[in-house]
Amino acid sequence: MRLVFVCLGNICRSPTAEGILRHLLREARRTDIEVDSAGTGRWHVGEPPDPRAVATARRRGVTLDHLGRQFTRGDFAAYDLVLAVDVPVARALTTLAPPEHRDRVRLARSFDPAAPPDAEVPDPYYGDQAAFDQVFDVCLAACRGILAAFPPVTSSG
Ligand code: 4NP
């Protein structure tokens, strides 16, 4: 399965979620899920993640090594799941999607069983380091939920 996290700038929330899920997949020795991230905006294309996101992730043992890129209409064909960090991003993606791929758009936190309906990953860009810590925590819960929602296919015998 291929999935992509999408935020606005692709320098804070979606690279954090991508790094966390990549880390959890490696820990679980799972290779059945491929993960990527992108942004709806183009301001930060080619840029590494925000240093504050990198700092929080590093403290929690997660490396972020993504470079910003913009999500395109053509990307829908390449991913089974397009996971938006918040409702405005989900709306932008749904508008962008070819009609037959609209149902690939979901809210990332909808995979966290403890999150309320329509829960969002709050934008930390104009916040402080604590905002990035909170982003990490909610992304971690969502990523754990994603792994649980798609258990590895094992062959018995
Ligand atoms: P992100 O955060 O969408 O989580 O990467 C933002 C990064 C940049 C901007 C907004 C949000 N910006 O306006 O440049």
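Heads up: the structure comes first, above all this text.
Being a predicted model, the structure only gives us computed values, none of them experimental.

Trainee: So what exactly am I meant to see when it comes to the pairing of strand β2 (residues 34-39) here?
Mentor: One face of the sheet, then the other: side chains in a regular strand alternate in exactly this way. The buried count for β2 comes to 5 of 6 residues, which makes it a mostly enclosed element. Relative to β2, strand β1 (residues 2-7) runs parallel, the two sharing 6 bridges. Paired with V4 across the bridge in β2 is D36. In this fold, the crossover linking β1 to β2 by way of helix α1 (residues 13-27) has right-handed handedness.

Trainee: Just checking my understanding: could you explain the sheet that holds strand β3 (residues 81-84) for this structure?
Mentor: Think of a sheet as strands paired side by side through backbone hydrogen bonds, with each pair either parallel or antiparallel. In space, the 4 strands of this open sheet follow the order β2-β1-β3-β4, with parallel pairing throughout. Here the strands that pair on one side only, and so sit at the sheet edges, are β2 and β4 (105-107). Recorded for the sheet is a direction-independent mean angle of 30 degrees between the axes of neighbouring strands. Bridge analysis of β3 against β4 gives 3 bridges, and the strand direction is parallel. Residue pairing across strands places V82 opposite V105, the latter belonging to β4. Against the sheet, helix α3 (residues 87-96) engages β1, β3 and β4, with an angle of about 175 degrees to β4.

Trainee: Please clarify how the site of the ligand should be interpreted in this entry.
Mentor: As a matter of local geometry, the ligand sits amid C7, L8, G9, N10, I11, C12, R13, W43, H44, D123 and Y125. Residue L8 places a main-chain N or O atom 2.9 Å away from an oxygen atom belonging to the ligand. Residue I11 places a main-chain N or O atom 3.0 Å away from an oxygen atom belonging to the ligand. With the chains in place, 91% of the 350 Å² that the ligand exposes on its own is no longer accessible. Across the shell around the ligand, the residue classes tally to 6 nonpolar, 3 polar and 2 charged.

Trainee: Honestly, the environment of A97 in this entry has me stumped. Any pointers?
Mentor: In this fold, A97 is placed in the loop between α3 and β4. Each C-alpha atom of the pair A97 and A77 lies 9.5 Å from the other, and the pair is 20 residues apart in sequence. In this structure A97 touches R73, F76 and R102, once residues within four positions along its chain are discounted.

Trainee: Could you clarify how one ought to interpret the nonpolar core in this entry?
Mentor: As a rule of thumb, nonpolar side chains are buried together in soluble globular proteins. Within the largest apolar cluster, 46 residues are counted, with the highest numbers of intra-cluster contacts made by L3, F5, L21, F71, V82 and L93. Residue assignment for this core shows that the elements contributing at least two residues are β1, α1, β2, α2 (51-59), β3, α3, β4 and α4 (129-149). Of all the elements, α4 adds the most residues to this core, at 9 residues.

What counts as what
Residues numbered from 1 in each chain as written. Predicted model: local features only at pLDDT ≥ 70, side-chain atom pairs only at ≥ 80, totals over all residues. Heavy atoms only, no water. Buried < 20%, exposed > 50% of the residue type's maximum accessible area, 1.4 Å probe, protein only. Helix = DSSP H or I, 4+ residues; strand = E, 2+ residues; numbered from the N terminus. Pairing = 2+ DSSP bridges. Right-handed = clockwise from strand over helix to strand, strands pointing away. Axes fitted to C-alpha atoms, helices over the stretch in contact; angles between N-to-C directions. Contact = heavy atoms within 4.5 Å. Near = heavy atom within 4 Å. Polar contact = N/O pair within 3.5 Å; in protein donor to acceptor, adjacent residues only side chain to side chain. Areas by Shrake-Rupley, 256 points an atom, 1.4 Å probe, with all protein chains shown as cover. Nonpolar A, V, L, I, M, F, W, Y, C, P; charged D, E, K, R; others polar. Core = buried A, V, L, I, M, F, W, Y, C linked by side-chain atoms within 4.5 Å.

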